[in-house]
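In case you want the letters, here they are:
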Amino acid sequence: MIERIGTFFNGQTNPYRNLAMEEYLTRTVEKGSCILYLWQNQNTVVIGRNQNAWKECRTGALEESGGFLARRLSGGGAVYHDLGNVNFTFIAPHEGAGMDFSAFCRPVAAALAGLGVTAEISGRNDMTIDGKKFSGNSQYVKHGRVMHHGPILYDSDLSVVGQALRVPEDKITSKGLQSVRSRVTNVRPYVKEDLPTPEFLARLRQ
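Residues numbered from 1 in each chain as written. Predicted model: local features only at pLDDT ≥ 70, side-chain atom pairs only at ≥ 80, totals over all residues. Heavy atoms only, no water.

Enquirer: Please clarify how the environment of Thr26 should be interpreted in this entry.
Expert: Along the chain, Thr26 falls in helix α1 (residues 15-28). A relative accessible area of 6% places Thr26 in the buried class. In sequence terms Thr26 and Thr89 are 63 residues apart; their C-alpha atoms lie 9.8 Å from each other. Not counting chain neighbours up to four residues away, the residues in contact with Thr26 comprise Ile91, Arg145 and Met147. (Helix = DSSP H or I, 4+ residues; strand = E, 2+ residues; numbered from the N terminus. Buried < 20%, exposed > 50% of the residue type's maximum accessible area, 1.4 Å probe, protein only. Contact = heavy atoms within 4.5 Å.)

Enquirer: Teacher, can you tell me more about the sheet that holds strand β4 (residues 68-71) here?
Expert: Paired through their backbone hydrogen bonds, the strands of a sheet run either parallel or antiparallel. The three strands are arranged β4-β3-β5 in an open sheet whose pairing can be described as mixed. Bordering the open sheet on either side are β4 and β5 (79-81), each of which pairs with just one other strand. Pairwise comparison of adjacent strand axes, ignoring direction, gives a mean angle of 25 degrees for this sheet. As judged from the three bridges shared by strand β3 (residues 44-47) and β5, these two strands associate in the antiparallel manner. Pairing of Thr44 across the sheet is with His81, part of β5. (Pairing = 2+ DSSP bridges. Axes fitted to C-alpha atoms, helices over the stretch in contact; angles between N-to-C directions.)

Enquirer: Sorry if this is basic, but what is going on with the pairing of strand β1 (residues 4-8) here?
Expert: Taken residue by residue, a regular strand's side chains alternate between the two faces of the sheet. As paired elements, β1 and strand β2 (residues 33-39) share five bridges and run parallel to each other. Each residue of the ladder has a partner; that of Thr7, found in β2, is Leu36. Between the parallel elements β1 and β2, the chain passes through α1 in a crossover that is right-handed. (Right-handed = clockwise from strand over helix to strand, strands pointing away.)

Enquirer: Got a minute to help me understand the environment of Tyr140 in this structure?
Expert: Along the chain, Tyr140 falls in strand β10 (residues 138-142). Along the primary structure Tyr140 and Pro151 are separated by eleven residues, whereas in three dimensions their C-alpha atoms are 15 Å apart. When near neighbours in sequence (up to four residues on either side) are disregarded, Tyr140 contacts Arg49, Leu73, Ser74, Arg145, Val146 and Met147.

Enquirer: Would you mind showing me how to read the sheet that holds strand β8 (residues 126-129) here?
Expert: Strand order across the open sheet formed by three strands is β7-β8-β9, with antiparallel pairing between neighbours. Looking at strand neighbours, the two that pair on one side only are β7 (120-122) and β9 (132-136), the edges of this open sheet. Pairwise comparison of adjacent strand axes, ignoring direction, gives a mean angle of 40 degrees for this sheet. On top of the sheet, helix α4 (residues 101-113) reaches β7, β8 and β9; it is set at about 150 degrees to β7, its chief contact.

Enquirer: Explain the pattern of salt bridges here, please?
Expert: One side chain can pair with another of opposite charge once the charged atoms of both are near each other. A complete count under the given rule lists seven salt bridges for this structure. With its nearest N and O atoms 3.4 Å apart, the salt bridge here joins Asp126 to Lys133. Here Lys133 falls in the partly exposed class, since its relative accessible area comes to 34%. A salt bridge links Asp155 to Arg188, with the nearest nitrogen and oxygen atoms 3.0 Å apart. On the criterion of sequence distance, the pair formed by Asp155 in the loop between β11 (145-153) and α5 (158-164) and Arg188 in the loop between α7 (177-181) and α8 (197-205) is long-range, its members being 33 residues apart. Linked by salt bridges that have partners in common, Glu3, Arg4 and Glu30 make up one network. (Salt bridge = Lys/Arg side-chain N within 4 Å of Asp/Glu carboxyl O.)

Shown next as structure tokens:
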């Protein structure tokens with residue numbers, strides 16, 4: 001049972017420090033507590049725990065741009081982070097909540113609704129607006145704790161996303177490259193007020 005909820009944001013944009021903090025919070029969250037950790041990475045590709053970096057990421061282009069490549073504890077696909085992207089992590093005791101992705105997506109969808117954005121939980125682990133994906137979620141469960149996290153494409157440079165990540169060949173074959181790229185969206189165009197990313201992050205935390 002959740003008795004206490006805390007939030008944490010450190011303003012750090014180094015992915016190695018952020019992922020280390022996420023793991024530390026997961027290891028140390030107290031019984032009965034839930035932590036919402038908000039964080040941002042700059043020019044970073046983060047891959048799932050079982051992914052091949054060279055298949056998922058254009059490593060040469062990322063290195064040339066001074067970017068970072070990092071691996072997270074959870075599974076799932078590769079994602080690109082810039083400062084137009086906001087990452088959220090819920091860390092809580094594992095009391096049957098693990099793998100119930102919607103339990104952790106609903107608070108995010110509710111926060112977006114407060115900004116006039118109608119977000120939907122799609123499939124097992126995605127959140128969408130008008131059928132376009134802005135967040136793919138994953139989880140890590142260990143030692144009686146669940147870590148649920150996902151990115152929010154708020155005001156990211158989507159052209160750079162396409163340059164940094166390799167689109168799987170099967171998706172190109174079945175849907176076409178343009179179709180694959182058109183299936184994602186930023187949240188900011190749907191917000192009813194002019195809200196820069198730092199202000200959006202503050203609202204989300206609130």
